[in-house]
Every structure is written in C-alpha cells, then in structure tokens.
Amino acid sequence: MVAKSKTESKAKPKAESKTVSKHKLTLSVQYADKRLQDVLTRPLIRKTVQAALFFPAEITLRFVDAEEGKLLNHDYRGKDYATNVLTFAYTEDEDAEVTQADIILCTDVLEKEAAEQKKTVLEHAQHLIVHGVLHAQGYDHEEDDEADEMEALEIEILAGMGLGNPYK
C-alpha cells in the first residue's frame, strides 16, 4: 500500500525498456521487530532493493510488529489494521536527483500472508520490498492499467533474482 500520492511527473521506465544497472543507493535497515533479522540480512535487502531501482535512492527500510504497523496505517491512511507494506515517498519533484522514501514492512502480516500463500517468508518479503521500492519511485496500482504495469515489473524484477511469479 502506498501511504502518499505517487510521483506523477517522474519519468517511469516501462517493463520492456528496463535495463539492468546499479543505481546509487543509500540504505538504512531498521529492525524494530527483530524476528526476521537473521533471515532478511542487510546484504540480501540491499540486493533486493537494488534490483528494483531505476533511479539513485535514499531508502530506509523498517521491520515492525503488528502494533506499530497498525498505528502507522491508522495515522497515515486512516485504516485500523496493520498492513504488509507501507511506502512513504518523499520525492515529489520531477527534477529531484534522488528518490527518497521510508518503507515499512510488518513482520506479523508478512509471516501470516506467506503461510496463507504457501510461500517462504523470504520470498514474500523480497516481493514486498520490490513492491515498496516501486511505490517509492512513483508506481501505483489504483487503476487497472497501473496495476498491470506494476505487477509486470514486479514479476520481471523477481524473475531476474531467480524468484517465481508472486501472483500465481
């Protein structure tokens, strides 16, 4: 879920024109909820974030429990439940040279969804990280065409990392 409106004017690459290149990344990882700290290591998170970047970025990724997740979702989206991922995108200026965002992943929701979808926690977390990074760069899924574009990108990025289609 995106917590702030998408970047309307930032040029977004299409799935078919995406090139594999590393963009400068300043990454901070916070484990307020430490349950996944040994599974989702900083190097793996960096690799996952980097795979989804189309622009240089400064990103903070924070793992929280259901209580903090619910509080954030309530305060910023008016929803009274914890959600899997929240993206706070701060770069709205099309001339900005760096994408800036905070991405919040709720460990409780992530683990529950992974079990329900019969996926590993690691696979589901990597999908949600990619999803959050795409939101940070202006992608959204409010309209069907936007959802189709975003899902196609997620599938392509995850496949490039050797992961399966998260929507099957």
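Only a predicted model underlies this, so the values are computations on that prediction, with no experimental measurement involved.

(A) Inspection of the side chain of Glu-154 at higher detail. Position of Glu-154 relative to the elements: it lies in helix H5 (residues 144–160). Buried and without a salt bridge, Glu-154 has Lys-119 as its closest oppositely charged side chain, separated by 8.6 Å. Looking at Glu-154, its side chain comes within polar contact range of the side chain of Tyr-167, at 2.4 Å.

(B) The nonpolar core, seen in detail. Counting residues in hydrophobic clusters, the biggest one holds 34 residues, and the most contacted among them are Ile-45, Val-49 and Leu-105. Every element with two or more residues in this core is listed here: strand S1 (25–31), helix H1 (42–51), strand S2 (57–64), strand S4 (99–106), helix H4 (121–136) and H5. The element that contributes the greatest number of residues to this core is H4, accounting for 6 residues. In contact with Val-49, other than residues within four places in its own chain, are Leu-25, Leu-27, Ile-59, Leu-61, Ile-129 and Val-133. By size, the runner-up hydrophobic cluster in this structure holds 8 residues, among which are Val-64, Leu-72, Leu-86 and Ile-104.

(C) Main features of the pattern of salt bridges. Throughout the structure, instances matching the rule amount to 5 salt bridges. The closest approach of N and O atoms between Arg-35 and Asp-108, which form a salt bridge, is 2.9 Å. With Arg-35 in the loop between S1 and H1 and Asp-108 in helix H3 (residues 107–116), this residue pair connects regions lying 73 residues apart in the sequence. Of the charged contacts, one joins Arg-35 and Glu-111 as a salt bridge, the two residues approaching to 3.3 Å between their closest N and O atoms. Taken together, the residues span a long stretch of sequence, with Arg-35 in the loop between S1 and H1 and Glu-111 in helix H3 at a distance of 76 residues. When salt bridges that share partners are traced, they join Asp-33, Arg-35, Asp-108 and Glu-111 into one network.

(D) Seen up close, the environment of Ala-96. Structurally, the position occupied by Ala-96 is in the loop between strand S3 (85–89) and S4. Taking the C-alpha atoms as reference points, Ala-96 and Pro-56, 40 residues apart in sequence, are found 9.9 Å from one another.

(E) Layout of a negative patch on the surface. Negative charge collects at one region of the surface, where Glu-142, Glu-143, Asp-144, Asp-145, Asp-148 and Glu-151 lie side by side. Turning to its location among the elements, Glu-151 is positioned in helix H5. Owing to a relative accessible area of 31%, Glu-151 belongs among the partly exposed residues under this scheme.

(F) Inspection of unusual backbone geometry at higher detail. Although it is not a glycine, Lys-118 adopts a positive phi angle of roughly 55°. Take Lys-118: it is sitting in the loop between H3 and H4.

(G) Spatial organisation of the confidence of the model for the protein chain. In the predicted model, the protein chain carries a mean pLDDT of 89, and 86% of its residues have values of at least 70. Considering only residues more than four positions removed or in separate chains, one finds that residues 1–20, a stretch of pLDDT under 50, has 51 contacts.

(H) Region of interest: the side chain of Asp-33. Turning to its location among the elements, Asp-33 is positioned in the loop between S1 and H1. A polar atom in the side chain of Asp-33 sits 2.4 Å from the side chain of Arg-35. Residues in contact with Asp-33, not counting those within four places in the same chain, are Phe-63, Val-64, Asp-65, Thr-107 and Asp-108.

(I) Main features of H4. With 16 residues, H4 should cover 22 Å at 1.5 Å per step; its first-to-last C-alpha distance of 22 Å lies within 8% of that length. In terms of residue burial, H4 counts as a mostly covered element, since 13 of its 16 residues are buried. Of the residues trailing H4, Gly-138 is marked for its positive phi of about 105°.

(J) Region of the structure containing the packing of H1 against H4. Between H1 and H4, the shortest axis-to-axis distance is 9 Å and the interhelical angle comes to 45°. Between H1 and H4, the interaxial angle falls into the category oblique. Like other packed secondary-structure pairs, H1 and H4 cross with a definite hand, here right-handed. Every residue of H4 that contacts H1 at Leu-44, Ile-45, Thr-48 and Val-49 is listed here: Leu-122, Gln-126, Ile-129, Val-130 and Val-133. Tallied by class, the residues present in the contact of H1 with H4 amount to 7 nonpolar, 2 polar and no charged.

What counts, and at which threshold
- Position numbers for residues start from 1 in each chain and track the written sequence from start to end.
- Only residues with pLDDT of at least 70 are given local features in this predicted model, and only at 80 or more are side-chain atom pairs given and counted; all residues enter the totals for whole chains, interfaces and linings.
- Note that the side-chain values use all heavy atoms of the structure and ignore hydrogens as well as water.
- For helices the rule is a DSSP run of H or I covering at least 4 residues; for strands it is a run of E covering at least 2, with both sets numbered from the N terminus onward.
- A 1.4 Å probe rolled over the protein chains alone gives each residue an accessible area, and that area as a share of the maximum for its type sets the label: buried under 20%, exposed over 50%, partly exposed in between.
- When charges are counted, neither His nor the chain ends are considered; positive counts come from Lys and Arg and negative counts from Asp and Glu.
- For salt bridges, the criterion is a side-chain nitrogen of Lys or Arg within 4 Å of an Asp or Glu carboxyl oxygen.
- Contacts described as polar in this section are N or O atom pairs within 3.5 Å, which, within protein, must combine one atom able to donate a hydrogen with one able to accept it, while residues neighboring in sequence count only if both atoms come from side chains.
- The term nonpolar core refers to a set of buried residues drawn from Ala, Val, Leu, Ile, Met, Phe, Trp, Tyr and Cys, joined through side-chain atoms within 4.5 Å.
- Any pair of residues with heavy atoms lying within 4.5 Å of one another is described as a contacting pair.
- Without a salt bridge and with relative accessible area above 30%, a residue can belong to a patch; like charges are then joined within 9 Å and nonpolar side chains (Val, Leu, Ile, Met, Phe, Trp, Tyr) within 5 Å.
- Residue burial considers only the protein chains on display, and all accessible areas are found by Shrake-Rupley using a 1.4 Å probe.
- For charged residues, the charge sits on one atom: NZ in Lys, CZ in Arg, CG in Asp, CD in Glu.
- Along the chain, pLDDT gives the predictor's confidence residue by residue, from 0 to 100.
- Under the convention used throughout, the expected extent of a helix is 1.5 Å for every residue step, that is, one less than its residue count.
- Fitted lines through C-alpha atoms serve as axes, helices being fitted only where they are in contact, and the angles separating the N-to-C directions of these axes extend from 0 to 180 degrees.
- Between 65 and 115 degrees an angle is taken as roughly perpendicular, under 35 as roughly parallel, over 145 as roughly antiparallel, and anywhere else as oblique.
- When the near helix sits turned anticlockwise from the far one by under a right angle, the crossing is termed left-handed; a clockwise turn instead gives a right-handed crossing.
- Ten residues, namely Ala, Val, Leu, Ile, Met, Phe, Trp, Tyr, Cys and Pro, are considered nonpolar, four, namely Asp, Glu, Lys and Arg, are considered charged, and the remaining ones, Gly among them, are considered polar.

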